[in-house]
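As a plain string of letters, each chain reads:
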Amino acid sequence: SNNEELEEIASADLRYLAVPALLGALTLRQVEPGRRLEHLQSARCHFCRFLRLCHSYGLGTFRLPPASPTGEEGPGGPATGGPSSAQPSLVAMAASRQAKIERYKQKKELENRLASMRTCVESGQADEDQIREFYLLEIQRWITTSLEEIESIDQEMVIVRSRGAAKQPPAPAHGTSRPARAPLKPFILTRDAAQAKVLGAGYPSLPTMTVDDWYEQRRRQGVTSSQSVPPRTPGVTDEELQKQQQEKKEEEDDEEALQKARSWDDWKDTHPRGYGNRQNMG
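What counts, and where the lines are drawn
Residues numbered from 1 in each chain as written. Predicted model: local features only at pLDDT ≥ 70, side-chain atom pairs only at ≥ 80, totals over all residues. Heavy atoms only, no water. Phe/Tyr/Trp six-rings, centres within 6.5 Å; stacked < 30°, edge-to-face > 60°. Helix = DSSP H or I, 4+ residues; strand = E, 2+ residues; numbered from the N terminus. Lys NZ or Arg CZ within 6 Å of the ring centre and 35° of its normal. Core = buried A, V, L, I, M, F, W, Y, C linked by side-chain atoms within 4.5 Å. Buried < 20%, exposed > 50% of the residue type's maximum accessible area, 1.4 Å probe, protein only. Contact = heavy atoms within 4.5 Å. Patch = residues over 30% accessible without salt bridge, like charges linked within 9 Å, V, L, I, M, F, W, Y side chains within 5 Å. Areas by Shrake-Rupley, 256 points an atom, 1.4 Å probe, with all protein chains shown as cover. Salt bridge = Lys/Arg side-chain N within 4 Å of Asp/Glu carboxyl O.

Caption draft 1: Summary view of the packing of aromatic side chains. Scanning all chains against the criterion turns up 2 aromatic pairs. Pairing Trp264 with Trp267 gives two aromatic rings, centres 5.6 Å apart and planes at 10°, and the pair type is stacked. Here Trp264 pairs with Trp267, and both are found in helix α9 (residues 255–270), just 3 residues apart, close to one helical turn. Here Arg141 stacks its cationic end above the ring of Trp142, 5.4 Å away from the centre of that ring.

This is how it looks when you write it as structure tokens:
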């Protein structure tokens, strides 16, 4: 209660003053990335509540942190303090560094004293004065820890907010969105129309489509890649297509293809058509 003094609290009940600080430390251990900002805000509230409680009982000499993180915009606009608060001077930075060093020294000293008294208190051999001193030292240690955690929370909240703003997708420009592409249905790809008539009577019945029809459909949809196989000319067989490719290679002065073609011509001059395939007919 705000109406009582520190001396009015029983020695065994002093440890309950650190409950808000324990809640803040427990909240910081939550590992839900999507709710990190919410956990940081909740932990900061717990630590601030603990520091205000200690300040009201006169435990320790420290400055209470602001109710909201430094640099956070409230409902009325930017946080008070002006441009100088956003860019601290070298004197303020040096004072903050010195305060951190002093807190670290105090914390190490408190931890050493608590370690020497913990065994005696936990075993039940300590008297009331020792128990009271032990819990007061524990509260002093949590005060130092709370001040450090609040400073770290304020820095992390800035990072979390900036990261959340960077993850927001930019608004799409007007008129640049591409239309949704209709999903392709399964079908049987055939070589020509005659094969399509034969393969189209199976079960389950699937639509058939020749290679030429498929290329034409892809061309109309505008999805044919420039690196894909060039569309076939209707009515051209595989043999004629191979001849066209051979002639194209010869026109491009492909030495290997040209030499192969010359060797084939020489072989045909000395071997009649069907040579070697007479099936023992003499």
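After that view, the rundown keeps rolling.
Caption draft 2: Main features of the nonpolar core. Residues Phe50, Leu59 and Ile143 are the most contacted members of the largest nonpolar core, which totals 33 residues. Of all the elements in the fold, those that place two or more residues in this core are α1 (19–28), α2 (36–56), α4 (90–122) and α5 (128–167). With 11 residues, the single largest contributor to this core is α5. Among all residues touching Ile143, those that are not within four sequence positions of it are Phe50, Leu51, Cys54, Leu59 and Phe62.

Caption draft 3: Seen up close, a nonpolar patch on the surface. Residues Tyr16, Val19 and Leu23 make up a contiguous nonpolar surface patch of about 260 Å² in total accessible area. Note on placement: Val19 falls in helix α1. For Val19, a relative accessible area of 37% translates into the label partly exposed.

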